[in-house]
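Coordinate analysis (summary)
One-letter residues, chain by chain:
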Amino acid sequence: MSDDTKKSSPLINESVASAICYAYKVDPYSPTFLSKGDEIFMIDSKNDISISRNTTIDMKLQYSDTNFTAAHWAAVNMKVEGQFKAFSGAASMAVETTEDSKYHTVRVDAIGVCTKNCITTKGSFRTHPEKFLSDDFRSAVNELTMEEIESRIGVFYAIKLDLGGMVKRSYIMEATEEDNESKITAELQASFGRECLGASTSSTLKTGRRTTNKNAKVRREWKAEGGDVDLWFKVRLSDADQSELSSAMEVAKEWADTIDESNYYPFDFELRPLWELIEKVDKDKAREFRLYLEEKWEKDANRHLPTMFLPAKLRVIQLSGPSKRFIENVCNAHKKVLVEESAKAQNHLDHLLHFMDRHGYKRWRKAANSGKDEVIEIREIVCNDPDITVEDFIEQLEAKSDSRFAESKRYLGIWGNDSKESNRVEKLNKDFLDKIIKRLKIDLTGQTSVEKWHVDLDECEKQVNEAVEWFDENISCIKSGSRKTDVKRAIKQVQSIQNSLSGLLKRLETEVENNE
């Protein structure tokens, strides 16, 4: 996995109070999803705002999924819940930035903040902010288009904000139906430490793969503002890394000392929509601006609408009854053979006449006994391990099979006599493992085929919906001379599809009834 590192501009060469005088634009490259627009207020910093000074450091993990997205979190935290769709594009739940994903995703934002100052509007500036609007803003409202107001001025204004620094590391990943907050958090903390913070020196946007599911894509971003953000490169990426690198909290304390008025970054906003101020200048323009934004935000919110969960990896404990019985029978048969082989080897060891061949007989007995232990281990996994996947189990068994193959090729003692019998038993052990591997691969291939079938059905539904949408939008464009012929042809095609689907539906319903 690699990082997408982006920076916006902190407050430089401006008074602490100036941050509250700006409108704010939605910005996907900012840790807060906001960046300064144009200055819209003229205030007296002594009388119109209150500034409280107190240095604090806070760290948290914020989990988002399809039901409560990162856009919801952003809007709730900034007190504009009704406008959460404004952040749908910036707080993306998509793994790929260039294409839609059909799979559900989850997002974890690891956030660290250092607060130095808190600015809050007060008095008339809080209750009647329109009285403090600049002449430039009033002129712009009358002269600019909706798009120009959004891009040049902004879409929100703040009535409260904090100043200091903020670092955010975001993880967006494809999810299975079994994934939840505790599992995802544990997975990330195992790789990136308790706070899941820290930066990579890479800034190229790429997708990687989850550590617990190589089929699941993941995108990782790192954004930081305020103070010397390069200090965050010192954070070790996991608790297992006990090198000279520091913990997140150690770095946060060092970072806090570098934050001052020359590099303050605004965050933790309490916002209001800008159209409330525009309404005080031009009610019709305010209504038009609100409709323009809500239509745009609705489109942003509908860009990533996954239709299915990533197929969960088949776990060994989920194997079908016939597969489990097959493995049990193979284990029983092989164990019986190994018990006999071990007994034969022991009989030779107990016989005084075979003293010269003891090394070979010990290897023979060891091969049989280690094989029995392996049988017990495999049966335990198949019956009782709730976590191991078939894919991982196959990988383990293939490693064991390779090891048995190597052991079956030994040439020890005079003319290989010390390894003759052990080689034969190791070959039996390898054949036993290969039988189980072959059966597991059949189950794994079967699951893949079933998932592809579901994908095909989803694609079929999508194509039918697109055909209906095309008909609604374009039927009037078909030339009148050929319209009747084209429609009749379409009727036959739809009837054929309908007949096929009706037959499939009846078979599916019958299958359900037979299994109840």
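Structure: above.
Residues numbered from 1 in each chain as written. Predicted model: local features only at pLDDT ≥ 70, side-chain atom pairs only at ≥ 80, totals over all residues. Heavy atoms only, no water.

1. A closer look at the overall build of the protein chain
- The helix and strand inventory of the protein chain stands at 13 helices and nine strands.
- When burial is assessed residue by residue, the protein chain has 42% of its 516 residues classed as buried.
- In the protein chain, 79% of the contacts between residues at least 6 apart in sequence involve partners at least 24 apart.
- Accessible surface, the protein chain as shown: approximately 28,000 Å² in total, 50% of it carbon and sulfur. (Helix = DSSP H or I, 4+ residues; strand = E, 2+ residues; numbered from the N terminus. Buried < 20%, exposed > 50% of the residue type's maximum accessible area, 1.4 Å probe, protein only. Contact = heavy atoms within 4.5 Å. Areas by Shrake-Rupley, 256 points an atom, 1.4 Å probe, with all protein chains shown as cover.)

2. Digging into the packing of helix 10 (residues 358-384) against helix 11 (residues 390-407)
- Direction vectors running N to C along helix 10 and helix 11 enclose 175°, while the axes themselves pass 13 Å from each other. On the basis of the axis angle, helix 10 is roughly antiparallel to helix 11. Note on element contacts: helix 11 touches helix 10 through Phe393, Gln396, Leu397, Lys400, Arg404 and Glu407, opposite Arg363, Ala367, Ser370, Gly371, Glu374, Glu377, Ile378, Ile381 and Val382. (Axes fitted to C-alpha atoms, helices over the stretch in contact; angles between N-to-C directions. Parallel < 35°, antiparallel > 145°, perpendicular 65-115°, else oblique.)

3. Quick word on unusual backbone geometry
- Its identity is not glycine, yet cysteine 196 carries a phi of approximately 60°, on the positive side.
- Mapped onto the fold, cysteine 196 is located in the loop between helix 5 (181-192) and strand 7 (207-209).
- Under the relative-accessibility criterion, cysteine 196 is labelled buried at 1%.
- With phi around 50°, aspartate 268 is a residue other than glycine that occupies positive phi space.
- Considering the arrangement of structural elements, one finds aspartate 268 in strand 9 (residues 265-273).
- The exposure class of aspartate 268 is partly exposed, given its relative accessible area of 38%.

4. Looking at the nonpolar core
- Formed by 82 residues in total, the largest nonpolar core has its most connected members in Phe87, Trp232, Leu274 and Phe289.
- Per element, the largest residue contribution to this core is nine residues, and it comes from strand 6 (residues 156-174).
- Formed by 28 residues, the second largest nonpolar core is a distinct cluster that contains Leu314, Val316, Ala345 and Leu397. (Core = buried A, V, L, I, M, F, W, Y, C linked by side-chain atoms within 4.5 Å.)

5. Focus on the packing of aromatic side chains
- According to the stated counting rule, one finds 13 aromatic pairs in the structure shown.
- Arranged with centres 6.4 Å apart and planes meeting at 25°, the rings of phenylalanine 289 and tyrosine 292 form a pair that is stacked. Of the two residues, phenylalanine 289 and tyrosine 292 both sit in helix 8 (residues 283-301), three residues apart, roughly one turn of that helix. No difference in accessibility class separates phenylalanine 289 from tyrosine 292, as the two residues are buried.
- Ring pairing ties together the aromatic residues Phe41, Phe125, Phe132 and Tyr157, which thus form one cluster.
- Across the ring face of tyrosine 22, the terminal group of lysine 36 is positioned such that the distance to the ring centre comes to 4.6 Å. (Phe/Tyr/Trp six-rings, centres within 6.5 Å; stacked < 30°, edge-to-face > 60°. Lys NZ or Arg CZ within 6 Å of the ring centre and 35° of its normal.)

6. Section: the environment of tyrosine 103
- Tracing the chain through its elements places tyrosine 103 in the loop between helix 1 (70-77) and strand 5 (105-121).
- Judged by relative accessible area, tyrosine 103 falls into the buried class, the value being 14%.
- It is 6.2 Å that separates the C-alpha atoms of tyrosine 103 and glutamate 174, two residues lying 71 residues apart in sequence.
- Once residues within four sequence positions are removed from consideration, tyrosine 103 is found in contact with Glu174, His304, Pro306, Met308, Phe309, Leu310 and Pro311.

7. Comments concerning helix 4 (residues 146-153)
- Along helix 4, the residues that are buried comprise Met146, Ile149, Glu150 and Ile153. One face of helix 4 carries all of its buried residues, which in axial projection span an arc of 110°.
- Elements in contact with the buried residues of helix 4: strand 2 (22-26), strand 3 (34-39), helix 3 (135-143), helix 7 (275-278) and helix 8.
- Once helix 4 ends, the next one or two residues include glycine 154, with phi positive near 140°. (Arc of directions from axis to C-beta.)

8. Quick look at the pattern of salt bridges
- Within the structure shown, the criterion is met by 28 salt bridges.
- The salt bridge involving lysine 430 is made with aspartate 434; its shortest N-O contact spans 2.6 Å. Taken together, the residues span about one helical turn, with lysine 430 and aspartate 434 both in helix 12 (residues 420-474) at a distance of four residues.
- Using a relative accessible area of 27% as the deciding quantity, one classes aspartate 434 as partly exposed.
- Overlapping salt bridges, with partners in common, bring together Glu374, Glu377, Lys400, Arg404 and Glu426 in one network. (Salt bridge = Lys/Arg side-chain N within 4 Å of Asp/Glu carboxyl O.)

9. Examining the packing of helix 9 (residues 321-350) against helix 10
- Contact geometry of helix 9 with helix 10 gives a least axis separation of 8 Å together with a crossing angle of 160°. Taken as axis vectors, helix 9 and helix 10 run roughly antiparallel relative to one another. Where helix 9 crosses over helix 10, the two elements pack in a sense that is left-handed.
- Per-class residue counts for the contact of helix 9 with helix 10 are 12 nonpolar, seven polar and 10 charged. (Left-handed = near helix turned anticlockwise from the far one by under 90°. Nonpolar A, V, L, I, M, F, W, Y, C, P; charged D, E, K, R; others polar.)

10. Digging into the pairing of strand 6
- Of all 19 residues in strand 6, 19 are buried, a share of seventy percent or more.
- Pairing between strand 2 and strand 6: two bridges, direction antiparallel. Residue pairing for strand 6: tyrosine 24 is matched across the bridge by phenylalanine 156.
- The sheet contact formed by strand 5 and strand 6 spans 15 bridges and is antiparallel. Looking across to strand 6, one finds that threonine 120 is bridged to lysine 160.
- Bridging between strand 6 and strand 9 involves seven bridges; their strand directions are antiparallel. Residue pairing across strands places leucine 163 opposite proline 266, the latter belonging to strand 9. (Pairing = 2+ DSSP bridges.)

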